[in-house]
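# Close look at the chain arrangement
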Amino acid sequence: MMTHILQATAEAGANIALTKYWGNADPQQRIPANDSISITLDRTRTVTTVAFRPDLPEDEILVDGKRLVGPAGERVSRHLGLFRERAGIAWRARVVSENNFPAGAGIAASASGFAALTLACAAALKLDLSPRELSCLARRGSGSAARSIFGGFVLLHTASRDEDAFAEPLYAPDWWEIWDLIAVVSRAEKAVPSGEGHGLAPTSPLHTARVARVAELNRQLLDALARRDFAALGEAAEQDALMMHAVMMTSRPSLLYWLPETVALMHWVQARRREGIPAYFTIDAGPNVHILTLPPYHEMLREELQTLPEVQEVIPCRPGTGARIIAESEK
Ligand code: DP6
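Residues numbered from 1 in each chain as written. Predicted model: local features only at pLDDT ≥ 70, side-chain atom pairs only at ≥ 80, totals over all residues. Heavy atoms only, no water.

### Regarding the pairing of strand S12 (residues 289–293)
Defined as follows: Burial classes: relative accessible area under 20% of the type maximum marks a residue as buried, over 50% as exposed, and values in between as partly exposed (1.4 Å probe, protein chains only). Working definition: helices are DSSP H or I runs of at least four residues, strands are E runs of at least two. Numbering for both runs from the N terminus. Pairing between two strands is assigned when DSSP locates at least 2 bridges connecting them.
The element S12 is largely enclosed, with a buried count of 5 among its 5 residues. Side chains Val289, Ile291 and Thr293 of S12 all project onto a buried face; the interleaved residues His290 and Leu292 project onto the opposite face, where all are buried too. Count of turn residues in the strand S11 (residues 279–282)/S12 antiparallel hairpin: 6 residues.

So, in structure tokens, the structure goes:
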């Protein structure tokens, strides 16, 4: 007898936050403490296939060919559970997810991964969900994934209720050709995953000050985006990256994601800027440095970065499209 299978494949890009999601207003629902603005990236993508079937005893999750077990696997299973609940089925699923960016390059795959998984689950189970609902669901898997549902320049809202904490697209990818040169300085797994880090944010005396300041930076960013004012955008992004890391470093226990190579690159970016080159840095929960710049400087900066002893690899990204369904089938 043929087994009934509900299957779909979706694709999504990672994103780089200009103002960061760091700390939760509601940890259970992953509602962020502040609004954040990001750029969805074209180069760092995840393709995920999910197949719900009645004959599986448990969920099976494969990421880049490796079976996810333990807390990482349970996190994906919990996400699948949100969709099972909505569809009113108990079937377990097989999830196969592939990242096109070098595995273990220290680039978070949770945003692209949970955005692709969310879209694939909704399509496989034929749930009729709006982009906002998809964004809220993606957020429950990983906060930053809410933003990867959309392409281009994206705003994620904080809110008091789950259904109001969604992301929305601000501008399409072709609005502004900003480059994010990801300078990989370490491929090591991070010692403290961001999931745990969010919980530590309120232990820093700087957290409240940062959340208040981010509201101003978001206004500055919205204005910078509308006017395509790169200096205003870069200054806001660099300042919030520094504030987020100040919160991390002053949490208890302290989170220090920077390596000596990270700091060397921060100096390098600021030195290029003093020479008149439009370049700003931002850094996520890890040691790798994202260098934001404009054409035609991206070519020259990329070449220079590749010659630096601190840099293992440069991944040049531009604004990319939002999550999309590649295939769906019912067998
Ligand atoms: C530093 O979205 O990775 O990249 O919800 O636990 O998966 P989880 O956290 P995650 O946090 C993002 C942290 C950040 C900043 C950002 O992308 O906004």
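### Description of helix H6 (residues 207–227)
What counts, and what does not: A helix's residues, less one, multiplied by 1.5 Å, set its expected span.
With 21 residues, H6 extends 30 Å between its outermost C-alpha atoms, agreeing within 8% with the 30 Å of an ideal straight helix rising 1.5 Å per residue. Taken residue by residue, H6 has His207, Arg210, Val214, Leu217, Asn218, Leu221, Ala224 and Leu225 as its buried positions. Just downstream of H6 lies Arg228, where phi reads positive at about 50°.

### Looking at the site of the ligand
In plain terms, the rule: Any residue with a non-hydrogen atom lying within 4 Å of a molecule or strand is treated as near it. Two N or O atoms form a polar contact when they lie within 3.5 Å of each other; inside protein one atom must be a possible hydrogen donor and the other a possible acceptor, and for residues adjacent in sequence the pair counts only when both atoms belong to side chains. All accessible-area figures derive from a Shrake-Rupley calculation using a 1.4 Å probe, and residue coverage is judged against the displayed protein chains alone. Charged means Asp, Glu, Lys or Arg here, nonpolar means Ala, Val, Leu, Ile, Met, Phe, Trp, Tyr, Cys or Pro, and polar covers whatever is left, Gly included. Boundaries of every domain are those given by an automatic assignment or by a domain database.
Within the structure, the ligand sits among 17 residues, and Arg30, Arg75, Ser142, Gly143 and Ser144 are positioned closest to it. Between the ligand and Tyr21, the relevant distance is 2.8 Å, taken from an oxygen atom to a main-chain nitrogen or oxygen of the residue. With respect to the ligand, the side chain of Ser144 contributes an N or O atom lying 2.6 Å from an oxygen atom. Out of a free accessible area of 450 Å², the ligand has 96% covered by protein chains. Per-element accounting of the shell around the ligand gives the leading share, 3 residues, to helix H5 (residues 194–200). Considered class by class, the residues forming the shell around the ligand number 5 nonpolar, 7 polar and 5 charged. Of the residues that make up the shell around the ligand, three or more belong to each of domain 1 (6–173 + 320–330) and domain 2 (179–317).

### Here we look at the sheet that holds strand S10 (residues 179–184)
Selection rule: Every axis in this analysis is a line fitted to C-alpha atoms, fitted for helices over the stretch in contact. Angles between the N-to-C directions lie between 0 and 180 degrees. Any two residues having at least one pair of non-hydrogen atoms within 4.5 Å are treated as being in contact.
Reading across from one edge, S11-S12-S10-S13 is the order of the 4 strands in this open sheet, with antiparallel pairing throughout. Taken across any chain shown, the strands that pair with only one partner, and hence form the sheet edges, are S11 and strand S13 (313–317). The sheet shows a mean angle of 25° between the axes of neighbouring strands, direction not considered. The sheet strands contacting helix H7 (residues 230–249) are S11 and S12, and the helix crosses S11 at an angle near 30°. Across the sheet, helix H8 (residues 260–274) is in contact with S10, S11 and S12; its angle to S11 comes to roughly 155°.

### Observations regarding the layout of surface pockets
For clarity, the cut-off: A cavity here means a set of points on a 1 Å grid, drawn over the protein atoms and nothing else, where a 1.4 Å probe fits but cannot get out; a pocket is an open set with protein on both sides within 12 Å along at least five of seven lines, and a residue lines either one if it has an atom within 4 Å of a point. Grid points are joined across faces, edges and corners, and a volume is the space filled by probe spheres set on the points.
Put simply, the second largest pocket is a space of about 220 Å³. If you go around the second largest pocket, the residues you meet are Pro27, Gln28, Arg30, Arg75, Arg78, His79, Leu82, Arg140 and Gly141. When residues of the lining of the second largest pocket are traced back to their parent elements, those giving at least two are helix H1 (70–87) and helix H3 (131–141). Residue contributions to the lining of the second largest pocket peak at 4 residues, all from H1. A class-by-class count of the residues in the lining of the second largest pocket yields 2 nonpolar, 3 polar and 4 charged.

### Overview of helix H2 (residues 110–124)
Over its 15 residues, H2 runs 20 Å from end to end, which matches the ideal 21 Å to within 8%, given 1.5 Å per residue. Counting buried residues along H2, 14 of its 15 residues qualify, which places the element largely inside the surrounding structure. One or two steps after H2, the chain reaches Lys126, where phi turns positive at roughly 55°.

### Structural notes on the domain arrangement of the protein chain
What counts is decided by this rule: Joining two parts hides part of their accessible area as seen by a 1.4 Å probe, and the buried area is that hidden amount summed over both. Salt bridge, as applied in this entry: a Lys or Arg side-chain nitrogen positioned within 4 Å of an Asp or Glu carboxyl oxygen.
The domain architecture assigned to the protein chain consists of domain 1 (6–173 + 320–330) and domain 2 (179–317). Just the C-alpha atoms count here: the centres of domain 1 and domain 2 sit 23 Å apart. Counting from both sides, the interface comprises 26 residues of domain 1 and, opposite them, 40 residues of domain 2. Here domain 1 meets domain 2 over a buried area of about 2700 Å², counting both sides, of which 69% is carbon and sulfur. Inspection of the domain 1/domain 2 interface yields 1 salt bridge. Put simply, Lys20 and Asp284 hold a salt bridge, and the shortest N to O gap is 2.7 Å. Across the contact surface, domain 1 and domain 2 share 8 residue pairs in polar contact (both at pLDDT 80 or more).

### Quick word on the pattern of salt bridges
Scanning the entire structure with this criterion turns up 21 salt bridges. Linking Glu58 and Arg67 is a salt bridge whose minimum nitrogen-to-oxygen distance equals 3.3 Å. By relative accessible area, which is 48% here, Glu58 ends up partly exposed. Of the residues examined, Arg67 reaches a relative accessible area of 44% and is grouped as partly exposed. The partner of Arg213 in a salt bridge is Glu216, and the shortest N-O contact between them spans 2.6 Å. Of this pair, Arg213 and Glu216 both sit in helix H6, 3 residues apart, which is roughly one turn of the helix. For Arg213, a relative accessible area of 26% translates into the label partly exposed. Beyond isolated ion pairs, a larger network of salt bridges with shared partners links Glu11, Arg45 and Arg324.

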